Amino acid sequence: MKRRDFLKSVTALTAASAVSAPAVWSPAKAQSRQETLLIVSESGPNNLDIHGVGTNVPGYEASWNCYDRLISHEMKTDANGTPYYDKNKFKPELAEDMNIGDMSVTFKLRKDAVFQDGTPVTANDVKWSLDRAVTVGGFPTFQMSAGSLTKPEQFAVVDDHTFRVDFLKKDRLTVPDLAVIVPCVINSQLVKSKATEQDPWGLEYTKLNTAGSGAYKVTNWTAGSQVVFERNDNWKGGPLPKVKRVIWRMVPDAGNRRALLERGDADVSYDLPNKDFAELKTNSKLAIVSTPYSNGIQYLGMNVQNPPFNDLKVRQAIAYAIPYQKIMDAVMYGLAKPMFGAPADAPIEVAWPQPHKFNTDLDKAKQLLASSGASSINVPLSFDLGFAGVNEPIAVLIQESLAQIGVTTTINKVPGANWRTELNKKTMPLFENVFSGWLDYPEYFFYWCYHSGKSIFNTMDYQSPAMDAFIDGARTAAANGDTAAYDKDVKGMVDLAFTDIPRIPLYQPYVNVAMQKNISGYEYWFHRRLDYRAFAKG
Amino acid sequence: MLTMILKRAGMAIPSLIGVVIVTFLLTRALPGDPAAYFAGPAATPQAIEQVRVKLGLDKSLIAQFGNYVVDLAHGNFGTSLTTGQPVVSELITRLPASAELTLLGLLVSIIIAVPLGILAATKPNSLIDHACRIATTLGVSLPVFFTGLILVYVFYYQLGWAPAPLGRIDVFFDPPPAYTGFYLIDSLIAGQPETFMAALKQLILPALTLGIFSLAPIARMTRASMLAVLSSDFVRTARASGLASYTVIVTYAFRNAMLPVITTLGMVFSFLLGANVLVEKVFAWPGIGSYAVEALLASDFAPVQGFVLTMAVMYVALNLLIDVLYGVIDPRVRLEA
Amino acid sequence: MTVIATTPQREGGLAALIKHSRYIIAENPVTGFAFALFVLIVLAAILGPEIVPYNPLTSDTAQALKPPSAHHWFGTDQLGRDVFSRVVVATRLDFFIAVASVVLVFLMGGLAGVAAGFFGGWTDRIVGRVADTIMAFPLFVLAMGIVAALGNTVQNIVLATAIVNFPLYARIARAEANIRRDAGFVEAARLSGNADWRILAFQILPNVFPLLVVQMSLTMGYAILNAAGLSFIGLGVRPPTPEWGIMVAEGAQFIVSGEWWNAAFPGAALMVAVFCFNLLGDGLRDMIDPRRRT
């Protein structure tokens, strides 16, 4: 009886699969398959509007592809032949002309740009959108302030197609900051009609609907399940994209994502374990592109205000005790740029990220620890559970290595939702974290991570007047175009960061993308999300 | 009958209240600060405080609970932080997905386990009996997510028999119009046989995973119940009267043995609703299980509370249904009650 | 001269138990097999860390993800640790989780249940309500919630398992206590001045034990599966502790890329243990109450 039932179920399976085996599609489906790009990732957006409250990182991808900005970046080619955004060359998007003055920049808008509902794009929409960005608070306002864009008064409508941004002070980052995702141009008339007293900026409407002039619009969003994008055939911000439809599906299990790619049932994924990327590179069924994070570093941070890590010798001991190469091999599978082990005589460059001179040397570590006088150190080693795939094996390897110099650690997994809070408390003695900035400049990174004033990303609670001086000097020099002073200050800040070693850089991660061989047009952007506009299939 | 139903429903109210209170407290005890999460990665402590006030989290627990109950009374289950949608609408769309999967899994399990149990009961302590016991126990001895992953690996990745584990229906199919939310039923109502087949194909592997996991209790209870019935007088009489073996077993014995099996089915169903969460994660199934798990890990109160309350109500309703079924099948129960 | 008529003595105590067990095992070879497995598991739990060839925590990244060989019988995992050593050493922790869970739930559920059945009234109502409330929860989600709220330590996983199984034990214990409330030996104990709680703990609870022992072996299996499910979600024991569930959950991501041994061996060990506990439950039921042999 059991055998009969088993055979029954197997026959049912084969009968069902005989109806349509994977390779055979009905003509209608084959057509739509060809015109659609299917992306799979672990999680999806919780909000389609980057100005929204608590919008997560996948939400940025929806915003990037559905809205235009005044300017964007030209593409150059990196060492691997991948198109890479050129941080120094801007490209017109909604603005067809840009005139940078001494204390302001003026944009001439395209006259033919229309929003997806047909309304023409005017300077009033631009002002409303930028006012919104600096007023709603949270991440968007913070990002705008990184380029000294903080007050609605800075944004002026000259006429319907002319728009001016006034500078509060000279800042090299102001113009680049206008090309990031946040200052997107929203259909102000449409959204204002949906606003209410409690919701003057219409955030509830834009959470669920895209109201932009971009190349794509969201036609269907089932939170946690899929997002469907359709091409805006009236897009004026660039050449018409080749892909008519993009379906972004959430598939929680990493093994299944890989299986889908290998069997050809999905087109693109950037969300696989490093090991899978490394292996898929060699098996040539798929195209894998790996690009280093611009301005991004995974590091081991220490709280420098409290014992035991307030002692420089202890910090240096830890820096010598980390199993750097093991991490590169067993966790990253070589898919990262080492930030350690620079030769002892190498000069400090004017660049960031750059490697420090520490490498694994347990004897040196033990000596330093002994000479510091600290003994029987026992601390929790914390990390963000949301990135456990990488953080956990690194923690295990570090724990093992530290044990060999007499430092005991317990692994403390902090749920993703709680990670920010824990970081902000500045009480965790030892923790793994990653930071990267959209604006690829050393002083930008240091400003957020090492400056005593900006506490949020200075997770080590590092207070150093000397460092502050270097950072402030570099920013001023950049604003004034004083290259000599800039170079001196940047070298100074990097040197001090490595001497004081409040955080120990481990590696610069890669952004990895796996695609079917018939997909082309992947571009690396500073936000590391996918830009659908350049993709082509077949 | 009606009084019995009302009485039972009334007895269940305190449990439901208990569930609401415990869930409320439990979600508040979760680590993670929704205000910090909401305020975003770059928020200053002041910004976080502002968000906390906006979310109403600065009030005392009692006040928050009061607000929650008032909202509940209006059918407002709150909004999810992770998806940004109202919990009620998400529960409405996701519940049929889980229910369809669980019911189909139960069906698969019944189809395999009940005949096995009957067979084992007719030949107690034989090789077949032991083999049945071993087979069903093996099914329940593996973690359910592991069974699921192995099935995907063998039947999708290696053999290509099963479709891609991408959810309820193939990406290039439009789902059927939502009459009940059950794709199988809706596609039949709308007269779309292709959609029906597509939905069925996606259901096979996850239903099989759930089914394997629930074979053991059903088979065991069927066997036990059949054994008890097969040794009873009326069966002996039937055999003595010369009735065919098949008639005796199926027409007489099984019908009488059904009662305890049905109770077990109820228990198994509610157990499966919980085990669902893991299967949904493996198969990217857009059900309430995966919804609740993601919310729980993000310390997102509202969906977890909504999910637990919905499940509790369903559990109570299910038990009620079973009691009614009991009464229908066995008049003795009805008369005694 | 007195002739004392002697009746043939019934063999008492341990000897009778062993003889009865041997009879049951002979009748039902599957039970015998389960007993043998159980002994093996206990041995592995006790001796595990002493007899394994490698330190289960030592990583050796140069040897990561090597298939089973003469050096590493079960292969190595993603950090180069020996899978065989980890699987054997994990026996202790998993066995501990299983045993601790059942002991805890027996005490919690058993005591609450007998108290409810014995005293009736408000005790009965409160225990009943608590049990009903717990049962109304989707059980795995309740376990998840408890571990998420309290932290993912072994103690909390054990506690979560115990809480989730509480209603079942309370119900069975209550039914038994109800019956025995007026039994003769209870009366006798009361008359000789025993306080109520002493009666509960020393007279009634031990009588409830045989009924629960079958359920307990099933719960042992459930405890291990629960820990595995929690690990899959990320709420399992902390690394680098070897535990079957977390090894299966972590190893699962290597199935598609072909490193099957990472998940297969811990999965097999887990399956064997749960399987053994389940079958043991059946065998124990046969031993204890022949009427209920199913």
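Residues numbered from 1 in each chain as written. Chains lettered and ligands numbered in written order. Predicted model: local features only at pLDDT ≥ 70, side-chain atom pairs only at ≥ 80, totals over all residues.

1. Observations regarding the overall build of chain C
In plain terms, the rule: Numbering of helices and strands starts at the N terminus; helices are DSSP runs of H or I of at least 4 residues and strands are runs of E of at least 2. In this scheme the burial state of a residue depends on its C-beta neighbours within 10 Å: 20 or more other such atoms mean buried, 12 or fewer mean exposed, and anything in between means partly exposed; the C-beta positions come from the backbone. By the convention adopted here, residues make contact when the C-beta atoms placed from their backbones lie within 7 Å.
Check the secondary structure of chain C and you find 10 helices and 0 strands. Projected onto its principal axes, the C-alpha positions of chain C cover 85 × 55 × 30 Å. Within chain C, buried positions represent 54% of all 294 residues. By sequence separation, contacts in chain C at least 24 residues apart represent 68% of the contacts at least 6 residues apart.

2. A closer look at the overall build of chain A
This is how the line gets drawn: All radius of gyration figures rest on C-alpha atoms, and the globule criterion is 2.2 Å times the number of residues raised to 0.38.
In terms of regular secondary structure, chain A is built from 18 helices and 22 strands. For 538 residues, the compact-globule formula gives about 24 Å, and the C-alpha radius of gyration of chain A, at 25 Å, lands near that figure. The dimensions of chain A, computed from C-alpha atoms along their principal axes, are 80 × 75 × 45 Å. Taking all 538 residues of chain A together, 50% fall into the buried category.

3. Thoughts on the nonpolar core
Our working definition: Under the definition applied here, buried Ala, Val, Leu, Ile, Met, Phe, Trp, Tyr and Cys residues are grouped into a nonpolar core through C-beta atoms within 7 Å.
Met-493 of chain A, Ala-292 of chain B together with Val-114, Ala-143, Met-144 and Ile-224 of chain C are the most contacted members of the largest nonpolar core, which totals 347 residues. Among all residues touching Met-144 of chain C, those that are not within four sequence positions of it are Leu-296 of chain B together with Leu-230, Ile-233 and Leu-235 of chain C.

4. Details of the interface of chain C and chain A
Reports of interface size often rely on the accessible area that becomes lost once the parts have come together. The condition that has to hold: As a working rule, the residues Ala, Val, Leu, Ile, Met, Phe, Trp, Tyr, Cys and Pro are called nonpolar, Asp, Glu, Lys and Arg charged, and the rest polar, with Gly in that last group.
On the chain A side, the residues contacting the 16 residues of chain C number 20 residues. A breakdown of the residues in the side of chain C that touches chain A according to their chemical character gives 8 nonpolar, 7 polar and 1 charged.

5. What to know about the environment of Gly-48 of chain C
Residue and element names in this part refer to chain C. As for its position among the elements, Gly-48 is in helix 2 (residues 29-51). The class of Gly-48 is buried, set by 20 C-beta atoms lying within 10 Å. Once the C-alpha coordinates of Gly-48 and Gly-145 are considered, the two residues, 97 residues apart in sequence, prove to be 32 Å apart. Those residues within four positions of Gly-48 in sequence are excluded, and the remaining contacts are Val-88, Val-89, Thr-91 and Arg-92.

6. Details of the interface of chain B and chain A
Taken together, the contact between chain B and chain A spans 50 residues of the former and 46 residues of the latter. When residues of the side of chain B that touches chain A are traced back to their parent elements, those giving at least two are helix 2 (34-39), helix 3 (45-55), helix 5 (87-122), helix 7 (144-158), helix 9 (193-230), helix 11 (245-282) and helix 12 (288-297) of chain B. With 5 residues, helix 5 of chain B is the single largest residue contributor to the side of chain B that touches chain A. The residue makeup of the side of chain B that touches chain A, split by class, is 36 nonpolar, 10 polar and 4 charged.

7. Describing the confidence of the model for chain A
Applied cut-off: Per-residue confidence from the predictor is reported as pLDDT, which spans 0 to 100.
Chain-level statistics for chain A give a pLDDT mean of 88 and a share of 94% at 70 or above. Mean pLDDT values over the elements of chain A span from 42, in helix 1 (residues 2-19) of chain A, up to 95, in strand 9 (residues 184-185) of chain A.

8. Quick word on the packing of helix 5 (residues 139-150) of chain C against helix 6 (residues 154-180) of chain C
Residues and elements named next belong to chain C. The test is simple: The convention used is that axes are lines fitted to C-alpha atoms, helices contributing only their stretch in contact, and that angles between N-to-C directions extend from 0 to 180 degrees. Crossings are assigned a handedness: left-handed for a near helix turned anticlockwise from the far helix by less than a right angle, right-handed for a clockwise turn.
The geometry of helix 5 relative to helix 6 is characterised by a closest axis approach of 9 Å and an angle of 145° between their N-to-C directions. Helix-helix and strand crossings are classified by hand; for helix 5 and helix 6 the assignment is right-handed. Here Leu-139, Leu-142, Ala-143, Ile-146, Val-147 and Leu-150 of helix 5 come into contact with helix 6, specifically with Asn-156, Ile-157, Leu-159, Ala-160, Thr-161, Ile-163 and Val-164. Considering only residue class, the contact of helix 5 with helix 6 consists of 11 nonpolar, 2 polar and no charged.

9. Some remarks on helix 9 (residues 254-262) of chain A
Three or four residues apart is the spacing at which side chains of an α-helix point the same way, because the helix has 3.6 residues per turn. Counting buried positions over the 9 residues of helix 9 of chain A gives 7, a clear majority of the element. Buried within helix 9 of chain A we find Gly-255, Asn-256, Arg-257, Arg-258, Ala-259, Leu-260 and Leu-261 of chain A. Contacts made by the buried residues of helix 9 of chain A are with strand 1 (36-41), strand 13 (268-269), helix 10 (274-283), strand 14 (286-292) and strand 20 (503-516) of chain A together with helix 7 of chain B. Taken from the residues just after helix 9 of chain A, Gly-264 of chain A is the one with a positive phi, measuring 80°.

10. Examining the pairing of strand 17 (residues 377-384) of chain A
Residues and elements named next belong to chain A. Operational definition: Pairing between strands is defined by DSSP: at least two bridges between the two strands are required. Consider the strands pointing away from the viewer: the crossover is right-handed when the path from the first strand over the helix to the second runs clockwise.
Strand 17 sits mainly inside the fold: 6 of its 8 residues count as buried. Relative to strand 18 (residues 407-414), strand 17 runs parallel, the two sharing 8 bridges. Opposite Ile-377, over in strand 18, you have Val-407 as the bridge partner. In this fold, strand 17 hands off to helix 14 (residues 388-404), which returns the chain to strand 18; that crossover is right-handed. Of the pairings in the sheet, the one linking strand 17 to strand 19 (residues 430-436) comprises 2 bridges and is parallel in character. Bridge pairing links Leu-381 to Leu-430 in strand 19.

11. A closer look at the environment of Ser-141 of chain B
Of note, Ser-141 of chain B is situated in helix 6 (residues 127-141). The residues touching Ser-141 of chain B, leaving out its near neighbours within four places in the chain, are Gly-221, Met-271, Val-274, Phe-275 and Asn-278 of chain C.

12. Points about the sheet that holds strand 8 (residues 162-166) of chain A
Two modes of strand pairing occur in sheets, parallel and antiparallel, and in both the strands are linked by backbone hydrogen bonds. Residue and element names in this part refer to chain A. Taken in spatial order, the 4 strands of this open sheet run 5-6-8-7, and their pairing is antiparallel. Only two strands of the sheet have a single neighbouring strand rather than two, namely strand 5 (95-100) and strand 7 (155-159). In this sheet, neighbouring strand axes are inclined to one another by 20° on average, regardless of whether the strands run parallel or antiparallel. Bridge count between strand 6 (residues 104-109) and strand 8: 5 bridges; the pairing is antiparallel. In the strand pairing of strand 8, Phe-107 is matched with Phe-163. Sitting on the sheet, helix 4 (residues 123-135) is in contact with strand 6, strand 7 and strand 8, with an inclination near 175° to strand 7.

13. What about helix 8 (residues 196-233) of chain C?
Our working rule: Multiplying 1.5 Å by the helix residue count minus one yields the expected span of that helix. Fitting one axis to the seven residues ending at a residue and another to the seven starting there, the bend at that residue is the angle between the two axes.
Counted at 1.5 Å a residue, the expected span for helix 8 of chain C with its 38 residues is 56 Å, but the 44 Å between its end C-alpha atoms falls short. Its maximal kink placed at Leu-211 of chain C, helix 8 of chain C deviates by approximately 50°.

14. Description of the environment of Val-251 of chain A
Of note, Val-251 of chain A is situated in the loop between strand 12 (245-250) and helix 9. The sequence separation of Val-251 of chain A and Pro-415 of chain A amounts to 164 residues, and the corresponding C-alpha distance is 20 Å. Those residues within four positions of Val-251 of chain A in sequence are excluded, and the remaining contacts are Val-40, Asn-256, Arg-257 and Leu-260 of chain A together with Leu-166 and Ala-284 of chain B.

15. Considerations on the packing of helix 3 (residues 83-119) of chain C against helix 4 (residues 121-136) of chain C
A pair of packed helices is characterised by two quantities: the angle between their axes and the separation of those axes. Residues and elements named next belong to chain C. Under the convention used in this document: By definition in this entry, angles of less than 35 degrees are roughly parallel, angles greater than 145 are roughly antiparallel, angles of 65 to 115 are roughly perpendicular, and the rest are oblique.
Where helix 3 contacts helix 4, the axes come no closer than 7 Å and their chain directions differ by 140°. Relative to helix 4, helix 3 is oriented oblique. Judged by the sense of rotation from one axis to the other, the crossing of helix 3 with helix 4 is left-handed. Taken together, the residues of helix 4 that come into contact with helix 3 (itself represented by Ala-112, Gly-113, Ala-115, Ala-116 and Phe-119) are Gly-121, Thr-123, Asp-124, Val-127 and Gly-128.

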